[in-house]
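Understanding the architecture of this molecule
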Amino acid sequence: MWMDTFLRNLKAGLIGSGIQASLTPAMHMREGASQGFGYEYQLIDLNELQVSVDQLPKLLSESEARGLAGVNITHPCKQAVIPFLDELLDDARSLGAVNTVVFKQGKRIGHNTDWWGFAQSFKRGLPGADLRSAVQLGAGGAGVATAYAILSLGLQKLMVVDREIERAEQLAEKMTALFPQAQVVACAQVEEAMEDTCGLIHATPTGMENYPGLPLPAHLLQPAHWVAEIVYFPLETELLKEASRIGCRVLNGGGMAVFQAVGAFRLFTGREPDEQRMLDHFKTLTS
């Protein structure tokens, strides 16, 4: 009876900047409807509200006061939200980033479903990929999650490239501590890194509609490379178009977007989502 009442009044939200085009609300609400309960999912857009990250404590408090079960967290709040939480799950603590906050029994509990989302997508979309080595472009919040995911899957060597070499070095140091069996290094030059790699993980905004273009020179891609993308708007970025053209195995960013939502849905609702149904719904949204 308590669970029925909870689900009838279920509300959740997403806090971030420039999130009006996000497909997360539609994925959550459609899966709720498919399971027979109403589900209100709200966008809490810093840009629309004309506020900065400094207002996070207020936004969290207001979300709790409105009875939300929790909130997803996206750019630029994934690290900034941590000081305002009561607990962190081990993965969120290891990553130093939170994308899901659950409000439970008066506490704010931080989780990270981004890394799991990328790992699930990678296993499904690139089965048997050569994990001897990979280059990752980007060492920000998304890059932390993808690095953690690919190393969890058994990658032997990860070379991290970022415009800010200090950020790449910090990520390499963090991942080396978490995965001592692997080699994780920061690289200043993408050309040098791409000379000795089996695959490429792209974890920067390049390729999004507001950041068009390729994140690296096209000639650095070889047909033997696998290429994994995190951008899903558009679903086929310039990087994936070029990689597909020359014969690379490719993975778009849609799977990560869906599976992080699968994990968050499970946390917010206490119900087991239908993964394939959510994947199919995402395909209809992006077709």
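Residues numbered from 1 in each chain as written. Predicted model: local features only at pLDDT ≥ 70, side-chain atom pairs only at ≥ 80, totals over all residues. Heavy atoms only, no water.

**Quick word on unusual backbone geometry**
Residue Pro76 is bonded to the preceding His75 through a cis peptide linkage, with omega at 5°. For Pro76, the location among the structural elements is in the loop between strand 3 (70-73) and strand 4 (87-88). Following Phe233, the chain continues to Pro234 via a peptide bond in cis, the omega torsion being 10°. As for its placement among the helices and strands, Pro234 is situated in the loop between strand 11 (226-229) and helix 10 (238-246). Even without a glycine there, the phi angle at Gln105 is positive, about 50°. Structurally, Gln105 can be placed in the loop between strand 5 (100-104) and strand 6 (107-111). For Gln105, a relative accessible area of 78% puts it in the exposed group. (Helix = DSSP H or I, 4+ residues; strand = E, 2+ residues; numbered from the N terminus. Buried < 20%, exposed > 50% of the residue type's maximum accessible area, 1.4 Å probe, protein only.)

**Focus on the sheet that holds strand 6**
Hydrogen bonds along the backbone pair up the strands of a sheet, which may run parallel or antiparallel. Within the open sheet, the 6 strands sit side by side as 2-1-3-5-6-4. Their pairing is mixed. For this open sheet the edge positions go to strand 2 (40-45) and strand 4, each flanked by a neighbour on one side alone. Pairing of strand 3 with strand 5, which is carried by 3 bridges, proceeds in the antiparallel orientation. Along strand 5, the bridge assignment pairs Gly70 with Val102. Strand contacts of helix 4 (residues 56-65): strand 1 (11-16), strand 2, strand 3, strand 5 and strand 6, with the helix running at about 115° to strand 6, the strand carrying the most contacts. Strands in contact with helix 11 (residues 254-269) are strand 1, strand 2, strand 3, strand 5 and strand 6; relative to strand 5, the strand with the most contacts, it is inclined by about 5°. (Pairing = 2+ DSSP bridges. Contact = heavy atoms within 4.5 Å. Axes fitted to C-alpha atoms, helices over the stretch in contact; angles between N-to-C directions.)

**Side note on the sheet that holds strand 8 (residues 157-161)**
Reading across from one edge, 9-8-7-10-11-12 is the order of the 6 strands in this open sheet, with parallel pairing throughout. At either end of the open sheet lies a strand with only one pairing partner, and these are strand 9 (183-187) and strand 12 (249-251). The sheet shows a mean angle of 15° between the axes of neighbouring strands, taken without regard to direction. Where strand 7 (residues 134-137) and strand 8 come together, 4 bridges link them in parallel fashion. The residue bridging Ala134 from the neighbouring strand is Leu158, located in strand 8. Packed onto the sheet, helix 6 (residues 114-125) meets strand 10 (199-202), strand 11 and strand 12 and runs at close to 150° relative to strand 12. Along the sheet, helix 7 (residues 141-152) makes contact with strand 7, strand 8, strand 9, strand 10 and strand 11, crossing strand 7 at roughly 165°.

**Some points on the side chain of Asn99**
Mapping Asn99 onto the fold places it in the loop between helix 5 (90-95) and strand 5. Among the residues examined, Asn99 registers a relative accessible area of 2% and is labelled buried. Among the polar contacts made by the side chain of Asn99, one reaches the main-chain amide nitrogen of Thr113 at a distance of 2.7 Å. Non-local contacts of Asn99, meaning those with residues more than four positions away in its chain, are made with Val71, Asn72, Ile73, Lys78, His111, Asn112, Thr113, Asp114 and Gln260. (Polar contact = N/O pair within 3.5 Å; in protein donor to acceptor, adjacent residues only side chain to side chain.)

**Observations regarding the pairing of strand 10**
The two faces of a sheet get side chains in turn, since along a regular strand they alternate between them. Covered by surrounding structure in strand 10 are Gly199 and Ile201 together with Leu200 and His202, the residues of both alternating faces. Here strand 7 runs beside strand 10; their pairing, made up of 4 bridges, is parallel. Following the sheet pairing, Ala134 is matched in strand 10 by Gly199. As paired elements, strand 10 and strand 11 share 4 bridges and run parallel to each other. Note on strand 11: the bridge partner recorded for Ile201 is Ala228.

**Observations regarding helix 12 (residues 275-286)**
Taking 1.5 Å as the rise per residue, helix 12 with 12 residues should run 16 Å; its terminal C-alpha atoms sit 17 Å apart, in good agreement. What helix 12 keeps buried is the set Met278, Leu279, His281 and Phe282. One side of helix 12 holds all its buried residues, which, seen down the axis, span an arc of 165°. Residues Lys283 and Thr284 are exposed on helix 12 and point more than 90 degrees away from its buried face. Measuring from the backbone nitrogen of Gln276 back to the side-chain oxygen at the start of helix 12 gives 3.2 Å, which picks out Asp274 as the cap. (Expected span 1.5 Å × (residues − 1). Arc of directions from axis to C-beta.)

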